[in-house]
Amino acid sequence: MQSITEKIDIKALTLEELKASLKIIGEKEFRAKQIYEWLHVKLVRDFEEMTNLSKELRAKLASEYELICVNDLERYESKMDGTVKYLFRLSDGNVVECVLMKYHHGNSVCISSQVGCRMGCRFCASTLGGLTRNLKTSEMLDEVYQIQRLSGERVSNIVIMGTGEPMDNYDNFVKFIRMISSSDGLNISQRNITVSTCGIVPKMRALAEEGFAITLALSLHAPNDEERAKIMPVANSYQLQDVLNACDYYYEKTGRRVSYEYSLVDGVNDTAACAKELSRLLKGKNCHVNLIPVNPIKERDYKRSTGNNIQNFKNILEKNRINVTIRREMGSDINAACGQLRKSYTDKTMVQEVNL
Ligand code: SF4
């Protein structure tokens, strides 16, 4: 019987792991540095592009290793602010979406950590089809690399706020942070990386122990357990007080101010009473609240809060000396909200398949 040996995912190997792996196939350790640079600094997509390696070595690498890259599927550029939304196809045909946002302080990319999501937040289009699978470390890295290749511009900030719950793909996500911020790779400052979670307490506490300087953003969205559970099923597993304690622990261990994300839904969580309750919850914490006017999705009947309600909500937090900003909307003309583009792409593909 023929044995099929799986090739090693070379892009997911740290420099040390690559050294050890090359040794096993009889290659010199110093080659690791060259190959790592081709993969993680020069961002090549093929072993053939590694021109300072011999033809024989390139062929050997291709036979031993798999070089995972995402493929450009669709691209939409906002005419309003230059935001670019990408749909990438993975090697198994799944699709993920990423966004490039251009700010004065640099280029920020928002990447996905899973195909789909099983967290079921009611306001989110990414979870409507459930979780398909976790992204590999190499796929997460290549989301950033591909945007840099396609845009020709250096990425300086990363937010892991696209499709998926990063804490539900913890090991691959943590390795991604180590590799993307490594001085042997793109060397993106950890201070410029933000990860968002819906509040998976044990993983938030584990993250506090990793020794990272990244920002933790908690998707809060309601000021008490009862209201939160109505829009976020995860609230049935972790009590709000435990989630907030985990945020405090993260701040204690890292010195990084936690960001609280609050999507405002008309008549659901945008009342003055909600703002006062939220103020009591966060008063005295060194934190930041990001108010996000929710993007309506057609499968759910949530409406965006009115401008007046958004401003009132902000004023109440400010009166209580809480740092608060209203998130500036980017790329609203290109369906840039979380999960919407991937969803409309899959819907479209499904309609085409049905029509065949
Ligand atoms: S908001 Fe985030 S955690 Fe919640 S369902 Fe959407 S992708 Fe998942």
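Treat the numbers as computed from the prediction; the structure is a model and nothing was measured.

1. Focus on the side chain of Arg58
In this fold, Arg58 is placed in helix α3 (residues 55–64). The exposure class of Arg58 is buried, given its relative accessible area of 13%. A polar contact of 3.2 Å, which involves the side chain of Arg58, links it to the backbone oxygen of Leu53. Contact partners of Arg58, with chain neighbours within four places excluded, come to Phe47, Glu48, Met50 and Leu53.

2. Things to note about the pairing of strand β4 (residues 84–89)
Within β4, 5 of the 6 residues are buried, leaving the element largely enclosed by the surrounding structure. In this sheet, β4 lies alongside strand β3 (residues 71–77) in antiparallel orientation, the contact comprising 6 bridges. Pairing of Glu74 across the sheet is with Leu87, part of β4. Hairpin connection of β3 to β4: 6 residues between the antiparallel strands, including Gly82 at a positive phi of 80°. Where β4 and strand β5 (residues 95–103) come together, 6 bridges link them in antiparallel fashion. The partner of Arg89 across the bridge, within β5, is Val95. Where β4 folds back onto β5 in an antiparallel hairpin, the turn is made up of 5 residues, including Gly93, whose phi is positive at roughly 95°.

3. Comments concerning the site of the ligand
Taken together, Cys117, Met119, Gly120, Cys121, Cys124, Thr127 and Gly164 form the complete shell of residues around the ligand. Its residues assigned to classes, the shell around the ligand shows 4 nonpolar, 3 polar and no charged.

4. Here we look at the sheet that holds β5
With respect to topology, 10 strands assemble into an open sheet ordered β3-β4-β5-β6-β9-β10-β11-β12-β13-β14, the strand pairing being mixed. The outermost strands of the open sheet, each flanked by one partner alone, are β3 and β14 (323–326). For this sheet, the mean inter-axis angle between neighbouring strands, taken without regard to orientation, is 20°. The sheet strands contacting helix α10 (residues 307–319) are β12 (258–264), β13 (287–293) and β14, and the helix crosses β14 at an angle near 165°.

5. A few points about the UniProt feature "binding site: S-adenosyl-L-methionine" in the protein
The positions that UniProt labels "binding site: S-adenosyl-L-methionine" are, in the present scheme, Gly164, Glu165, Ser196, Ser219, Leu220, His221 and Asn295. With respect to the secondary-structure elements, Leu220 resides in the loop between β11 (215–219) and α7 (225–231). Mapped onto the elements of the fold, Asn295 is located in the loop between β13 and α10. The partly exposed category is assigned to Asn295, whose relative accessible area is 26%.

6. Points about the packing of helix α1 (residues 15–24) against helix α2 (residues 30–40)
Running from N to C, α1 and α2 point in directions that differ by 125°, and their axes come no closer than 9 Å. When the axis of α1 is compared with that of α2, the two are oblique. In the packing of α1 onto α2, the handedness of the crossing is right-handed. Here α1 contributes Leu15, Leu18, Lys19 and Leu22 to the contact with α2, which in turn contributes Arg31, Ala32, Lys33, Ile35 and Tyr36. Of the residues assigned to the contact of α1 with α2, the class counts are 6 nonpolar, no polar and 3 charged.

7. Details of the side chain of Thr194
Relative to the assigned elements, Thr194 resides in strand β10 (residues 193–197). Every residue in contact with Thr194, bar those within four places of it in the chain, is listed here: Ile158, Val159, Ile160, Met161, Thr215 and Ala217.

8. As for the packing of aromatic side chains
Any aromatic ring pair is given by two values, namely how distant the centres are and how the planes are angled relative to each other. In the structure shown here, the tally under the stated rule is 3 aromatic pairs. Ring centres 6.4 Å apart and planes at 65° place the aromatic pair Tyr170 and Phe173 in the edge-to-face group. Placement of the pair is Tyr170 and Phe173 together in helix α5 (residues 170–180), with a separation of 3 residues, close to one helical turn. Each member of the pair, Tyr170 together with Phe173, is buried. Summarising the aromatic geometry, the rings of Tyr262 and Phe313 are spaced 5.0 Å apart at their centres and angled 35° between planes, so their arrangement reads as tilted.

Conventions adopted
Residues numbered from 1 in each chain as written. Predicted model: local features only at pLDDT ≥ 70, side-chain atom pairs only at ≥ 80, totals over all residues. Heavy atoms only, no water. Helix = DSSP H or I, 4+ residues; strand = E, 2+ residues; numbered from the N terminus. Buried < 20%, exposed > 50% of the residue type's maximum accessible area, 1.4 Å probe, protein only. Polar contact = N/O pair within 3.5 Å; in protein donor to acceptor, adjacent residues only side chain to side chain. Contact = heavy atoms within 4.5 Å. Pairing = 2+ DSSP bridges. Near = heavy atom within 4 Å. Nonpolar A, V, L, I, M, F, W, Y, C, P; charged D, E, K, R; others polar. Axes fitted to C-alpha atoms, helices over the stretch in contact; angles between N-to-C directions. UniProt positions renumbered as here; feature names shortened; annotations may be inferred. Parallel < 35°, antiparallel > 145°, perpendicular 65-115°, else oblique. Left-handed = near helix turned anticlockwise from the far one by under 90°. Phe/Tyr/Trp six-rings, centres within 6.5 Å; stacked < 30°, edge-to-face > 60°.

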